[in-house]
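Analysis of the macromolecular model
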Amino acid sequence: MPIVDSTSKQPVRSFSIEELKQQAAQMRGYNLAALYCAGSGHAGGTLSIMDIVAALYLDVAEHDPKHPRWAGRDRIIWSAGHKAPALYTGLAFAGFCPKHDLSLLRKLSSPFQGHPHWLKLPGVEISSGSLGQGLSVAVGNALAARLDQQPYTVFCIMGDGEQQEGQIWEAAMEAAHYKLDNLVAILDKNGLQIDGKVCDVMGIEPIAEKYRAFGWEVMEIDGHDMQQIVDTLRRMKTQRNQCPKVVIANTVKGKGVSFMENVAGWHGKSPNLDELMKALEELKVSDRVDVGALSEYAASYQRQVEHKLAAKMPQFSRNYWWNNAPTMKVKMEPTRKGFGKALNEEGSDERVVCLGLDISGSITISDFYASHPERKGRWLSMGIAEQSATAVAAGLAKEGKLPVLGTYATFAAARNLDQVRVSICYSNLNVFIAGAHGGVSVGPDGATHQALEDLFAMCGLPNMSVVVPADIVESAKATRAMLLQHVGPKYVRFAREATPVVSTAATPFVFGKANVIRFRGEHENFVEAFETILAHEYHDEHEDLSIIACGPMVPEAMRAAWILKKEYGYETRVVNMHTMKPMDRDAVLRAARETGAIVTAEEHQVGALGWRVAGIVMEDPELLRHPVLAGYIGVEDRFGDSGAPWELVKEFGVSAEHIAHKAAELICARNKTLDAIKAEAVVK
């Protein structure tokens with residue numbers, strides 16, 4: 001049945017097979033235009049699934065765009081959350097939202113997040129993005145339908161690489177056990193994932209036999225044959241035979257665009273204007289997708305975003321933003337590249353074994369073997385399977401290897417936390433865990449991929465050491481030290497976006513020992529405007545306050561020190577607390593005793609750094625007689641958002657301007673308190 005009026009239960013509109021084909025082609029065009037306007041996103045998989053999307057949203061599923069939460073609607077769960085643009089396109093063509101709104105994909109405060117968020121956009125059934133979870137959600141939905149005696153069908157869209165996640169098979173077992181014949185899984189089998197062919201990364205075949213062995217009815221189809229898609233989905237929807245169903249749709253990644261088809265590199269890539277126009281021409285929809293109008297609509301929205309961000313930023317007498325002034329210039333490079341550089345240089349040790357989790361190029365762990373083919377035997381592709389890979393790393397370490405496990409920080413410290421806790425930390429094994437893409441500066445991928453809680457988890461584990469490098473240079477130093485010198489569980493957190501390079505080869509780095517950074521005056525190059533000294537070698541200069549920071553917040557803290565000096569004449573002690581655990585207690589206590597005011601700065605939920613610093617200060621008996629004012633800069637108990645990386649730094653209040661503003665407030669409060677004490681003393 002097509003789209004319905006939920007009140008009368010009558011169809012609103014129906015489509016012939018030919019019309020569905022035409023709709024699918026146009027949907028591909030809008031999808032690519034949205035990706036172009038966003039400047040990022042996933043092209044390959046959204047094109048491979050689009051024929052199924054057209055059939056499902058325009059013909060098979062019963063739903064009412066005017067009443068998105070109608071209780072009797074069919075549920076469509078997108079476990080493959082990175083294919084969100086295809087989901088949004090399906091919703092727009094079904095009438096849930098205007099088609100031109102698709103051009104707001106991945107923009108700040110837009111409901112069209114990089115990965116779906118069900119609380120922001122009507123028609124989205126569940127927030128997703130961390131692969132392997134959607135089928136379990138679908139099982140829950142199907143069970144709820146049975147408990148409520150509702151006749152709706154639950155559809156769940158998955159990718160083939162996603163079948164590498166162990167949770168998929170837990171859900172498959174549950175669905176068969178409960179005989180959920182109101183559940184239809186759709187597997188988009190396009191044969192490619194980020195790291196290459198699924199069969200090469202981590203083979204899943206024979207996938208049909210596996211589902212049958214779990215008790216599912218299996219139907220394999222051509223995922224681009226509209227008649228076959230519609231017939232199969234209609235039958236699977238209506239058939240009640242005491243078992244769940246899975247449709248394995250054989251598709252082509254990048255379908256419809258010659259230069260995208262079967263190219264793994266188009267997994268997470270958006271087209272430029274020339275590529276977009278060529279794609280629209282090949283899809284024969286150039287006259288039905290107004291790129292100019294969509295681009296202008298997106299640009300207009302972006303201007304509003306920038307205006308709102310500017311209004312929220314603390315204001316000073318001049319613009320201190322990165323590389324805005326004629327002096328204080330700085331290079332920008334991603335910290336994660338320092339990780340890859342160190343692995344490339346130090347990977348000759350035969351004990352080193354690197355485990356890839358399908359985002360190897362993105363986090364640069366594949367640099368370990370990229371120019372050293374002789375190391376390929378020590379490269380283990382684990383697929384999309386964080387939990388098992390973590391325990392595998394533990395097994396390798398137990399036998400004397402030096403395993404390096406790398407993935408996004410939100411997966412490295414959350415999805416597999418129990419495995420890290422028990423298999424690695426409890427056993428006190430020498431495993432190096434790299435958590436890439438930490439903080440909101442990850443950007444348009446959105447909340448599901450922005451690690452804002454990982455340091456709570458990792459710092460809370462006994463035996464775990466935690467390092468958060470400030471820039472690409474420090475990342476390389478930290479990687480070398482942790483890989484070859486430090487023994488025991490270790491977690492190193494990296495940012496994704498290009499961030500300021502604020503250290504050099506000569507800058508000291510000692511695990512467990514903080515650095516003190518002092519602003520010495522404006523210079524042509526930002527890095528040369530500062531002096532860096534090991535904290536235990538630093539002599540008090542009677543600064544007005546201290547800023548204790550880690551990771552990409554160290555450059556922001558340095559820029560804040562520049563602002564505070566120029567705007568107020570304040571001297572600032574910046575403490576680079578690159579080692580979060582064990583924390584340099586002496587550096588914290590000296591900052592507290594000698595400056596009397598501390599601002600902590602972290603690109604994380606407030607507390608991972610701030611509360612640990614506060615705890616050290618509170619435990620010191622000497623400081624009981626000398627109160628220390630404290631302020632915290634970080635994410636204030638909220639999830640991330642989609643948007644450009646530096647927009648999010650501003651939106652979440654973790655820029656140098658926010659640090660300087662907080663610092664100035666603290667000093668002002670301290671001065672008022674001192675004035676009040678003096679006035680009271682005079683009266684007495």
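Structure: above.
Our subject in this report is the structure included herewith. These numbers come from a predicted model, not from an experiment.

**Thoughts on the overall build of the protein**
- Broken down by element type, the protein carries 24 helices and 22 strands.
- In terms of C-alpha radius of gyration, the protein reaches 27 Å, essentially the compact-globule figure of 26 Å for 684 residues.
- With the C-alpha coordinates of the protein rotated into their principal frame, the extents come out at 85 × 55 × 50 Å.
- Expressed as a percentage of the 684 residues in the protein, the buried residues total 60%.
- Here the protein displays about 25,800 Å² of accessible surface, and carbon together with sulfur accounts for 53% of that area.
- Of the side-chain charges in the protein, 72 are positive and 82 negative, and the distance between the mean point of each set is 1 Å.

**Structural notes on the environment of Leu143**
- Relative to the assigned elements, Leu143 resides in helix H5 (residues 134-147).
- Between the C-alpha atom of Leu143 and that of Val154, which follows or precedes it by 11 residues, the distance is 9.8 Å.
- Setting aside residues no more than four positions away along its own chain, Leu143 makes contact with Tyr178 and Leu180.

**As for the sheet that holds strand S14 (residues 490-493)**
- An order of S10-S9-S11-S12-S14-S13-S20 is seen for the seven strands of this open sheet, with the pairing classed as mixed. Only two strands of the sheet have a single partner each, and these edge strands are strand S10 (379-381) and strand S20 (579-581). Ignoring which end each strand starts from, the neighbouring axes of this sheet average 20° apart.
- Pairing of strand S11 (residues 402-408) with strand S12 (residues 432-436), which is carried by five bridges, proceeds in the parallel orientation. Residue pairing for S12: Tyr408 is matched across the bridge by Ala436.

**Some details on unusual backbone geometry**
- Of the consecutive residues Glu205 and Pro206, the connecting peptide bond is found in the cis state with omega at 0°.
- Positive phi values are uncommon outside glycine, yet His542 reaches one of about 60°.
- The exposure class assigned to His542 is exposed, which follows from its relative accessible area of 64%.

**Comments concerning the packing of aromatic side chains**
- Scanning all chains against the criterion turns up 18 aromatic pairs.
- The interplanar angle of 70° and the centroid separation of 5.3 Å between the aromatic rings of Tyr211 and Trp216 together place this pair among those described as edge-to-face. For the pair Tyr211 and Trp216, one class covers both residues: buried.
- Note on Phe456 and Trp611: the rings are 5.8 Å apart at their centroids and 20° apart in plane angle, and the pair reads as stacked.

**Quick look at the sheet that holds strand S6 (residues 217-222)**
- Across the sheet, which stays open at both edges, the five strands sit in the order S1-S2-S3-S7-S6 with parallel pairing between neighbours. The sheet is open, and its two borders are formed by strand S1 (75-78) and S6, each paired with just one other strand. Neighbour to neighbour, the strand axes of the sheet diverge by 20° on average, direction disregarded.
- Bridge count for S6 against strand S7 (residues 245-250) is six bridges, and the pairing is parallel. What sits directly across from Asp222, in S7, is Asn250.
- Of the strands in this sheet, S1, strand S2 (154-159) and strand S3 (183-189) touch H5, which is tilted by about 175° from S2.

**Things to note about the packing of helix H3 (residues 50-60) against helix H4 (residues 84-94)**
- At their nearest, the axes of H3 and H4 sit 9 Å apart, and the two run at 35° to each other. Here H3 runs over H4; the crossing is right-handed. For the pair formed by H3 and H4, the contact residues are Met50, Val53, Tyr57 and Leu58 on the first element and Ala86, Leu87, Thr89, Gly90, Leu91, Phe93 and Ala94 on the second.
- Here the residues of the contact of H3 with H4 sort into nine nonpolar, two polar and no charged.

**Things to note about the packing of helix H1 (residues 17-38) against helix H10 (residues 273-283)**
- For the pair H1 and H10, the least separation of the axes is 10 Å and the interaxial angle reads 175°. As summarised for this structure, H1 and H10 are arranged roughly antiparallel, according to the angle between their axes. Taken together, the residues of H10 that come into contact with H1 (itself represented by Ala25, Arg28, Gly29, Leu32, Ala33 and Tyr36) are Leu273, Leu276, Ala279, Leu280 and Leu283.
- Here the contact of H1 with H10 is composed, by residue class, of nine nonpolar, one polar and one charged.

**Let's talk about the environment of Ser360**
- Looking at the secondary structure, you find Ser360 in helix H13 (residues 360-363).
- Separated by 48 residues in sequence, Ser360 and Tyr408 place their C-alpha atoms 10.0 Å apart.
- If near-sequence neighbours (up to four positions away) are discounted, Ser360 is found in contact with Asp195, Ile365, Ser366 and Trp379.
- Polar contacts involving the side chain of Ser360 include one to the side chain of Asp195, which spans 2.6 Å.

**So, the layout of surface pockets**
- Looking at the largest pocket, its volume works out to about 760 Å³.
- Around the largest pocket, the lining is made up of 45 residues, and of these His42, Ile194, His267, Ile359 and Tyr408 lie nearest the centre.
- Looking at the lining of the largest pocket, the elements with two or more residues in it are strand S4 (192-193), H13 and S11.
- For the lining of the largest pocket, the class distribution of residues is 11 nonpolar, 20 polar and 14 charged.
- Empty space within the second largest pocket amounts to approximately 570 Å³.
- Along the walls of the second largest pocket sit 30 residues, with Ser127, Ser130, Ala447, Thr448 and Phe639 positioned nearest its centre.
- Listing elements by their share of the lining of the second largest pocket, those giving two or more residues are H5 and helix H16 (409-415).
- Among the elements that take part in the lining of the second largest pocket, H16 stands out by supplying four residues, more than any other.
- For the lining of the second largest pocket, the per-class residue count stands at 10 nonpolar, 16 polar and four charged.

Here is what the cut-offs are and how they apply
Residues numbered from 1 in each chain as written. Predicted model: local features only at pLDDT ≥ 70, side-chain atom pairs only at ≥ 80, totals over all residues. Heavy atoms only, no water. Helix = DSSP H or I, 4+ residues; strand = E, 2+ residues; numbered from the N terminus. Rg over C-alpha atoms; globule rule 2.2 N^0.38 Å. Buried < 20%, exposed > 50% of the residue type's maximum accessible area, 1.4 Å probe, protein only. Areas by Shrake-Rupley, 256 points an atom, 1.4 Å probe, with all protein chains shown as cover. Lys, Arg positive; Asp, Glu negative; His and termini not counted. Charge placed at Lys NZ, Arg CZ, Asp CG, Glu CD. Contact = heavy atoms within 4.5 Å. Pairing = 2+ DSSP bridges. Axes fitted to C-alpha atoms, helices over the stretch in contact; angles between N-to-C directions. Phe/Tyr/Trp six-rings, centres within 6.5 Å; stacked < 30°, edge-to-face > 60°. Left-handed = near helix turned anticlockwise from the far one by under 90°. Nonpolar A, V, L, I, M, F, W, Y, C, P; charged D, E, K, R; others polar. Parallel < 35°, antiparallel > 145°, perpendicular 65-115°, else oblique. Polar contact = N/O pair within 3.5 Å; in protein donor to acceptor, adjacent residues only side chain to side chain. 1 Å grid on protein atoms, 1.4 Å probe; cavity = no way out; pocket = protein on both sides within 12 Å on 5 of 7 lines; lining within 4 Å. Points joined across faces, edges and corners; volume = space filled by probe spheres on them.

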